[in-house]
Amino acid sequence: MYDPANLKKLAKFGELAPAAWEGFLAFDKAAMADGVIPARTKELIAVAVAMTTQCPYCIEIHSQRAKAAGCSEAELAEAVLVAAALRAGGAVTHGTHCLK
């Protein structure tokens, strides 16, 4: 299912639904820009979320952006393990539905 070549098709959204696509791009740019939370930290958050949603496109893109923003492999590893802990914690707490 994952094919990095599909990323080249993103521009087609701009052709087919230009207003919505431009709105998405503007929102994405604003959300990921430096703010109270620095952009490099936002990229680590994005990596963790991408691990949780298991989106290979997002994992690749945000890992590259995090590295470009100066994040180390150690920081990426911790972000991945935070995501793993949260995902596992969710499974455990949802597991309480199985108990009487």
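Residues numbered from 1 in each chain as written. Predicted model: local features only at pLDDT ≥ 70, side-chain atom pairs only at ≥ 80, totals over all residues. Heavy atoms only, no water.

A. A look at the overall build of the chain. Counting its secondary structure elements, the chain contains five helices and zero strands. Shown N-terminal to C-terminal, the secondary structure of the chain runs as helices and strands in the order α-α-α-α-α. Since a compact globule built from 100 residues should have a radius of gyration of about 13 Å, the 17 Å found for the chain marks it as more spread out than a globular shape. Counting only C-alpha atoms and orienting by the principal axes, one finds that the chain spans roughly 55 × 35 × 30 Å. Relative to its full complement of 100 residues, the chain shows a buried share of 18%. (Helix = DSSP H or I, 4+ residues; strand = E, 2+ residues; numbered from the N terminus. Rg over C-alpha atoms; globule rule 2.2 N^0.38 Å. Buried < 20%, exposed > 50% of the residue type's maximum accessible area, 1.4 Å probe, protein only.)

B. Up close: the pattern of salt bridges. One pass over the full model with this rule turns up one salt bridge. Note that Arg 40 and Glu 75 form a salt bridge whose closest N and O atoms lie 2.9 Å from each other. Here the residue Arg 40 occupies a position in helix α3 (residues 39-53), and Glu 75 occupies one in helix α5 (residues 73-94), the gap between them amounting to 35 residues. (Salt bridge = Lys/Arg side-chain N within 4 Å of Asp/Glu carboxyl O.)

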